[in-house]
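Here is what each chain is made of, one letter per residue.
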Amino acid sequence: MTTAPPEIRIRAASVSDWEALAALRDQPGVRAGTLRLPFAPPERTRKWLENLTESDMLIVAELDGRIVGLAGLHRHSGRRQHAADLGMSVHDDYRRRGIGKALLDALIDAADRWLGISRIELTVFTDNEAAIALYRQAGFVTEGVLKSWARRDGALADVLVMARLRA
C-alpha cells in the first residue's frame, strides 16, 4: 500500500461537494478525457452524486482545501461482482503532482483489501499518454483497442480497454 503525498488529502466525496466537482468536471482537459459534453448544467453533478449507490465508491483529492481530483469505482453485479469500472479526473491546473497516483492507489487499496474486487476495468483515449503510463505503472494491461469509440472535438477517437487483475 502506498500513501498520498502529505499535502494531498484523499477522502470520500459527498453531495455537498457538487459545485466544486461540477467545476472540476467542466475543465477542458478533464472533459476531453471523458464522455462529458460541454455546457453541462452544474446541477447534473449534484443529481449524479445524489444517485450514487452502494455499488459506487467515489473519492476526491484535496490540496490546500480545494478539490483537485476525483476518482471512483462502480462495482458490477451478479456474476460480475468481482469486477468494477474505474474513472478518474484531475484538475487541469494540478496535473503531474501525484494526485492521479494518490487517487488510483487509494482505489486499488480499497478494491484489494476491503471490497473483494479482483478485476478493475477502464477505457482511456489512446492519446492520453500520461494516464496510460500511470495505469501501466499500477499493473493495468491493455486488453484491446476500440476504434472510433466516441466523438471528441469533432472527430471519432479510439480508446484502449485496460484492466488490472489481482493475483
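Conventions adopted
- Residues numbered from 1 in each chain as written.
- Predicted model: local features only at pLDDT ≥ 70, side-chain atom pairs only at ≥ 80, totals over all residues.
- Heavy atoms only, no water.
- Helix = DSSP H or I, 4+ residues; strand = E, 2+ residues; numbered from the N terminus.
- Rg over C-alpha atoms; globule rule 2.2 N^0.38 Å.
- Buried < 20%, exposed > 50% of the residue type's maximum accessible area, 1.4 Å probe, protein only.
- Contact = heavy atoms within 4.5 Å.
- Areas by Shrake-Rupley, 256 points an atom, 1.4 Å probe, with all protein chains shown as cover.
- Lys, Arg positive; Asp, Glu negative; His and termini not counted.
- Charge placed at Lys NZ, Arg CZ, Asp CG, Glu CD.
- Core = buried A, V, L, I, M, F, W, Y, C linked by side-chain atoms within 4.5 Å.
- Pairing = 2+ DSSP bridges.
- Salt bridge = Lys/Arg side-chain N within 4 Å of Asp/Glu carboxyl O.
- Phe/Tyr/Trp six-rings, centres within 6.5 Å; stacked < 30°, edge-to-face > 60°.

Draft legend 1. How the structure looks around the overall build of the protein. Broken down by element type, the protein carries 5 helices and 7 strands. Ordered by position from N to C terminus, the α and β elements of the protein give β-α-α-α-β-β-β-α-β-α-β-β. The C-alpha atoms of the protein give a radius of gyration of 15 Å, which matches the 15 Å a tight globule of 167 residues would have. When the backbone C-alpha atoms are referred to their principal axes, the protein occupies close to 40 × 40 × 30 Å. Per-residue burial over the protein gives 41% buried out of 167 residues. The contacts in the protein between residues at least 6 apart in sequence include a share of 61% that link residues at least 24 apart. Taken as a whole, the protein presents about 9,600 Å² of accessible surface, with 51% of it coming from carbon and sulfur. Charge-centre separation for the protein: the mean point of 24 positive side chains lies 4 Å from the mean point of 22 negative side chains.

Draft legend 2. Layout of the nonpolar core. Residues Leu 86, Leu 104, Tyr 135 and Phe 140 are the most contacted members of the largest nonpolar core, which totals 31 residues. Elements that contribute at least two residues to this core include exactly strand S2 (56–63), strand S3 (66–75), strand S4 (83–90), helix H4 (99–115), strand S5 (119–125), helix H5 (129–137) and strand S7 (155–165). Ranked by size, the runner-up nonpolar core spans 10 residues in total, among them Trp 18, Leu 49, Val 60 and Leu 70.

Draft legend 3. Inspection of unusual backbone geometry at higher detail. If you check the backbone angles, Phe 39 has positive phi at about 65° while not being a glycine. Its location among the elements puts Phe 39 in the loop between helix H2 (28–32) and helix H3 (42–50). Judged by its relative accessible area of 79%, Phe 39 is exposed.

Draft legend 4. Molecular detail of the pairing of S2. A large share of S2 lies buried, amounting to 6 of its 8 residues. Both strand S1 (residues 8–12) and S2 contribute to a ladder of 5 bridges, which runs antiparallel. Across the sheet, the residue bridging to Arg 9 is Glu 62, located in S2. With antiparallel pairing between neighbouring strands as the criterion, S2 and S3 make up a hairpin whose turn holds 2 residues, including Asp 64 at a positive phi of roughly 55°.

Draft legend 5. Here's a closer look at the side chain of Arg 25. For Arg 25, the position within the fold is in helix H1 (residues 18–25). For the buried Arg 25, which has no salt bridge, the nearest side chain bearing the opposite charge is Asp 26, at an N-O separation of 9.0 Å. Each residue touching Arg 25, except ones within four places of it in the same chain, is listed here: Val 30, Arg 31, Arg 36, Thr 45, Trp 48 and Leu 70.

Draft legend 6. Expanded view of the environment of Glu 129. Relative to the helices and strands, Glu 129 resides in helix H5. Each C-alpha atom, one on Glu 129 and one on Ile 8, is 23 Å from the other, the two residues being 121 residues apart in sequence.

Draft legend 7. Expanded view of the packing of aromatic side chains. Counted by the stated rule, this structure contains 2 aromatic pairs. With a centroid separation of 6.3 Å and 70° between ring planes, the pair formed by Phe 125 and Trp 149 is classed as edge-to-face. Of the two residues, Phe 125 is situated in strand S5 and Trp 149 in strand S6 (residues 141–152); the sequence distance between them amounts to 24 residues.

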